[in-house]
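# Structural overview
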Amino acid sequence: MQNEKNPASKYKAKNHLSPSPVYLQGVGRLGNVMFQLVSALGIANRSHRNLIVDNKTVEYLRTVFTLSHGQLFTVGNVPNGTIMAHQKQGPFSVRKDFLPLPYGPVRITGYWQNYILWQNMTTSVRQLFTVADETSTKTRAFIRNIKQEHQDCTVIGIHVRRGDITQKRFYRLGFRMPNVTYLMNAMNYFRHKYHNVHFIVCSEGFDWCKENLAILPNVTLHHGSVSEDFSVLVECDHMIMTRGTFGWWASWLNGGEVVYFDKPFGGNFLKRNDLMKLTYFPKSWRPMNEYASS
């Protein structure tokens, strides 16, 4: 009777020598899929299992990255009938109740925006998310020209998340967008720290940035493809992010100093801000808001 209530026990009875693989089928846009992949890697690694990533996920990521994964995972199909392992307390959860995994085949679902899951694999993750040569060559030349044009300036990337996240339905879910004052505070922080700075802004809200940021001194708007915008931000010296996983990954791969908006949730969701400082924002990044540094 116990076996009927626990599907994993059926797999254990059939094969007691090695556990089944972990499977991933990515959902969402670039930053979300990146988080899903590395979190699945971390979970598979902690469980001593192999990871299999479906073909479409790999093809999508290869539109931006070389994705030289080596022995990190294999590419294949996600079979039907897998047991789902879904994070139970939201994407920033610190709970580890997904471990131990059921013995049978497990498919990772959800967003898993928690760098703690894979913090012991950072070298492999950086190699995995190396921007493709053709794009990186083009964007490095762009950054080089900016530096030459502005007397060897320090280049600060700014990612401004706009698009659907500005809609009222996200506001009701607690999402808060940083305003221009936050961005000016962050820009002034770098202006005071470095004697000669230039800002490169990438955003899906080009018109908003043109109206609110292009009027400021030493600002260049870059409006390229997804891969080009991402690569430009990675190649900058330092980063300012607003919110969103695209800006998070560009900041993390950038490797320089990062300023982030520390009040991304409001209303009944204020507690998420503290949780994100534990699992989402690395401690080395500088929190800031519309008023002052935290």
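This text goes with the structure placed above it.
The notes below deal with the structure included here. As the structure is a prediction and not an experimental result, all values here were calculated from the model.

### What about the sheet that holds strand 9 (residues 238-241)?
Strand order in the open sheet made by the 6 strands is 8-7-6-9-10-11, with parallel pairing throughout. Looking at strand neighbours, the two that pair on one side only are strand 8 (219-222) and strand 11 (286-288), the edges of this open sheet. Taken pair by pair, the neighbouring strands of this sheet meet at an average axis angle of 20 degrees, ignoring direction. Examined bridge by bridge, strand 6 (residues 154-160) and strand 7 (residues 197-203) share 7 bridges and lie parallel to one another. Note that in strand 7 the partner of I156 across the bridge is F199. Along the sheet, helix 6 (residues 133-149) makes contact with strand 6, strand 7 and strand 8, crossing strand 7 at roughly 145 degrees. Of the strands in this sheet, strand 6, strand 7, strand 8, strand 9, strand 10 (258-261) and strand 11 are in contact with helix 8 (residues 180-193), which crosses strand 9 at around 165 degrees.

### Quick word on helix 12 (residues 271-279)
Along an α-helix, a turn takes 3.6 residues, which lines up residues three or four apart on a common side. Of all the residues in helix 12, the buried ones are N273, M276 and T279. One face of helix 12 carries all of its buried residues, which in axial projection span an arc of 140 degrees. Those residues of helix 12 that are exposed and angled more than 90 degrees off the buried face are K271 and D274.

### Observations regarding the packing of aromatic side chains
Summed over all chains, the structure comprises 22 aromatic pairs. Plain terms: the ring middles of F129 and W249 are 5.3 Å apart, the flat faces sit at 75 degrees to each other, and that makes the pair edge-to-face. Here F129, found in the loop between helix 5 (122-128) and helix 6, pairs with W249, found in helix 11 (residues 245-254); they are 120 residues apart in sequence, far enough to count as distant. On the basis of relative accessibility, which here comes to 3%, the residue F129 falls in the buried class. The exposure class of W249 is buried, given its relative accessible area of 0%. Between W248 and W249 the ring centres are 4.9 Å apart and the planes differ by 75 degrees, which places this aromatic pair in the edge-to-face class.

How each quantity is defined
Residues numbered from 1 in each chain as written. Predicted model: local features only at pLDDT ≥ 70, side-chain atom pairs only at ≥ 80, totals over all residues. Heavy atoms only, no water. Pairing = 2+ DSSP bridges. Helix = DSSP H or I, 4+ residues; strand = E, 2+ residues; numbered from the N terminus. Axes fitted to C-alpha atoms, helices over the stretch in contact; angles between N-to-C directions. Contact = heavy atoms within 4.5 Å. Buried < 20%, exposed > 50% of the residue type's maximum accessible area, 1.4 Å probe, protein only. Arc of directions from axis to C-beta. Phe/Tyr/Trp six-rings, centres within 6.5 Å; stacked < 30°, edge-to-face > 60°.

Just geometry here; none of it tells us what the structure is for.
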